[in-house]
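# Close look at the chain arrangement
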Amino acid sequence: MLHLSDGSTLLRTLPNPLTEDEAARLRDARPAGPAPRPSTEPVRVQRRVSSRGWIAIAGQRIGVGIGHAGATVTVEAADGTLRIAHAGQVVAEVAPTTTKPIARFKVRKPQR
């Protein structure tokens, strides 16, 4: 098995494309250390609220409210819920409706 990581977080596991004979002929090959462990703390991402009060995370649109338009909110994905917070206050808590993984973690300001 091939374990791809960014140092401490396991990103992906893939089957090894090499046979045992090919792996034995690799120069300076050595067995890997212990497999990296997935993070136990909840995933936190940032999103920018649209002018109509919506955010999108993992392919799911969530209404936050027009009062938060243009604000950057923090979304915490844990315990089977998505918790949306702005300035330390929980704005909304919804159940995820998709099984897609969260791909973007940081928000970017729109170009002007």
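Notes on the structure in this doc start here. Just so it is clear, the model here is predicted, and its values are computed rather than measured. Numbering of residues begins from 1 in every chain and follows the order in which that chain's sequence is written. Totals for whole chains, interfaces and linings use all residues, but because this is a predicted model, local features are given only for residues with pLDDT of at least 70 and pairs of side-chain atoms are given and counted only at 80 or more. To obtain the side-chain values, all non-hydrogen atoms of the structure were included, while hydrogens and water were left out.

## What to know about a nonpolar patch on the surface
There is a patch of nonpolar side chains on the surface, built from Leu2, Leu4, Leu11 and Leu14 and spanning about 330 Å² of accessible area. Here a helix means four or more residues in a row that DSSP labels H or I, a strand means two or more in a row labelled E, and each is numbered from the N terminus. Of all the elements in the fold, those that place two or more residues in the nonpolar patch are β1 (2–5) and β2 (10–14). Note on placement: Leu11 falls in strand β2. Only protein chains enter the accessibility calculation, which uses a 1.4 Å probe; a residue whose area is less than 20% of its type maximum is buried, one above 50% is exposed, and one in between is partly exposed. Residue classification places Leu11 among the exposed residues on the basis of a relative accessible area of 57%. Patch definition: residues with relative accessible area over 30% and no salt bridge; like charges joined within 9 Å; nonpolar side chains (Val, Leu, Ile, Met, Phe, Trp, Tyr) joined within 5 Å. Here, Shrake-Rupley sampling with a 1.4 Å probe gives the accessible areas, and only protein chains in the shown set may cover a residue. Basic side-chain nitrogens of Lys or Arg form a salt bridge, by our definition, when they fall within 4 Å of a carboxyl oxygen of Asp or Glu.

## Side note on the sheet that holds strand β8 (residues 89–94)
Taken together, the 4 strands give an open sheet; going across it, the order is β3-β6-β7-β8, and neighbouring strands pair in antiparallel fashion. With partners counted over all chains shown, the strands left at the sheet margins are β3 (43–48) and β8, one partner each. Sheet twist, expressed as the mean angle between neighbouring strand axes with direction ignored, is 25°. We call two strands paired when DSSP finds no fewer than two bridges between them. Note on geometry: axes are lines fitted to C-alpha atoms, helical ones only across the stretch in contact, with angles between N-to-C directions running from 0 to 180 degrees.

## Describing the nonpolar core
We define the nonpolar core as a collection of buried residues of types Ala, Val, Leu, Ile, Met, Phe, Trp, Tyr and Cys that are connected through side-chain atoms lying within 4.5 Å of one another. Of all hydrophobic cores here, the largest spans 12 residues; its members are Val45, Val49, Ile55, Ile57, Ala58, Ile62, Val64, Val73, Val75, Leu82, Ile84 and Ala92. Put simply, the parts of the chain that give this core at least two residues each are β4 (54–57), β6 (72–78) and β7 (81–86). Beyond its immediate chain neighbours, meaning those up to four positions away, Ile62 contacts Gly53, Trp54, Ile55, Ile57, Leu82, Ile84 and Val94. The contact criterion used is simple: two residues touch if any of their non-hydrogen atoms lie within 4.5 Å.

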